[in-house]
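The residues making up each chain are set out below.
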Amino acid sequence: MSRQTLKHRRTARPVRQELVFASDEKYDCREIPTALALVAAVAVDTGIGFGPGYVTELPGCIPGTRISAIATYQPTLWPDDAESVVGMDVPTQVRWLLPLSPHEYGLVRGKGIEALEQYLERDDVDVLDLVRP
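How each quantity is defined
Every chain's residues receive numbers from 1 upward, in the order its sequence appears when written. Per-residue local features of the predicted model are confined to residues with pLDDT of at least 70, and side-chain atom pairs are confined, for both listing and counting, to 80 or more; whole-chain, interface and lining totals are unaffected and use all residues. With hydrogens and water excluded, all non-hydrogen atoms of the structure serve as input to the side-chain values. Helical segments are the DSSP runs of H or I of at least four residues, strand segments are the runs of E of at least two, and each set is numbered from the N terminus. Only protein chains enter the accessibility calculation, which uses a 1.4 Å probe; a residue is then buried when its area is under 20% of its type maximum, exposed when over 50%, and partly exposed in between. Buriedness of a pocket was judged along seven lines, with at least five required to meet protein on both sides within 12 Å; pockets are open sets of points on a 1 Å grid over the protein atoms alone, cavities are sets where a 1.4 Å probe fits but cannot get out, and lining residues have an atom within 4 Å of a point. Grid points are joined across faces, edges and corners, and a volume is the space filled by probe spheres set on the points. Asp, Glu, Lys and Arg are counted as charged, while Ala, Val, Leu, Ile, Met, Phe, Trp, Tyr, Cys and Pro are counted as nonpolar; the rest, among them Gly, fall into the polar class. The definition of a nonpolar core used throughout is a set of buried Ala, Val, Leu, Ile, Met, Phe, Trp, Tyr and Cys residues joined through side-chain atoms within 4.5 Å. Pairs of N or O atoms are called polar contacts if they sit within 3.5 Å, as long as, within protein, a hydrogen donor faces a hydrogen acceptor (for residues adjacent in sequence, only side-chain-to-side-chain pairs). What counts as a salt bridge is simple: a side-chain nitrogen of Lys or Arg found within 4 Å of a carboxyl oxygen of Asp or Glu.

Undergrad: Now, about the overall build of the chain: what can you tell me, with residues and values included?
TA: Summing up its helical and strand segments, the chain has three helices and six strands in all. Going residue by residue from the N terminus, the α and β elements of the chain occur as β-β-α-β-β-β-β-α-α. The buried share of the chain, reckoned over its 133 residues, is 45%.

Right, dumping it as C-alpha cells:
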C-alpha cells in the first residue's frame, strides 16, 4: 500500500500507509493476501487512509472466518516509533489491522470504540484468533 497515495482522514494531506496483519497459527497463512486485499480495497476505493481507531466494514468476510470488519490502530506490538516511516516524499503510516468478530463490530456500532477496547481488555480477547466467536 505504501505506493498508493491516500488522503489523511482529518487534514486531507497526502499520506501512504503500510498495513500490518497478525494471526495465530490456526489461521491458514495462504489466505492472508486475500484478507489484506479486502482491507486495502476499502482505502483504495475511498482514497482515504485509515486513522487510528477507525472501524470499517469489509466488502466481504476474511476467508475461513466470520470476520467482516476491522479496526485500525498504531502498532501496539512494536515500539512507539514504529508508527511511521520517515525520509520518504510522502509520509508513510503503519496501521495494525484488528479484525472484528460480528459481536465486536456490533459493540462498536452500538457503543463506540471505547466500549470495544474495554471489552477486549476485560474479557482478555485473543485478537490474533481469527476464528473467535
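Undergrad: I'd like to hear about empty space enclosed by the protein, residue by residue, with values.
TA: Considering all chains together, one arrives at one cavity of 30 Å³ or more under this definition. The calculated volume of the largest cavity comes to roughly 30 Å³. Looking at the largest cavity, the residues that line it are H8, R13, P14, V15, P91 and Q93. By residue class, the composition of the lining of the largest cavity is three nonpolar, two polar and one charged.

Undergrad: So what about the nonpolar core? Which residues, and what values?
TA: By size, the foremost hydrophobic cluster in this structure holds 19 residues, and its most contacted members are Y73, W96, L98, L100, L116 and L120. Mapped by element, the contributors of at least two residues to this core are β4 (69–73), β6 (92–100), α2 (102–111) and α3 (113–122). Counting residues per element, this core draws most heavily on α3, which supplies five residues. Ranked by size, the runner-up nonpolar core spans 17 residues in total, among them L6, A35, A43 and L97.

Undergrad: Give me the lowdown on the side chain of Q93, citing residues and values where you can.
TA: For Q93, the position within the fold is in strand β6. Here the side chain of Q93 touches Q17 through a polar contact of 2.8 Å, side chain to side chain.

Undergrad: How would you summarise unusual backbone geometry if you had to cite specific residues and measurements?
TA: Of note in this structure, A12 is not a glycine but carries a positive phi near 70°. Unusually for a residue other than glycine, D124 sits at a positive phi of about 50°. Tracing the sequence through the fold places D124 in the segment after α3.

Undergrad: Tell me what's going on with the pattern of salt bridges, and back it up with residues and numbers.
TA: Two side chains with opposite charge may pair up if their charged atoms get near one another. In this structure the tally under the stated criterion is two salt bridges. Between E104 and R132 there is a salt bridge, with its nearest N and O atoms 2.8 Å apart. Of this pair, E104 sits in helix α2 while R132 sits in the segment after α3, and the two are 28 residues apart along the sequence. With relative accessibility at 7%, the residue R132 sits in the buried group. The shortest N-O distance in the salt bridge between D123 and R122 comes to 3.1 Å. Residue classification places D123 among the partly exposed positions, given a relative accessible area of 41%. Classification of R122 as exposed rests on a relative accessible area of 61%.

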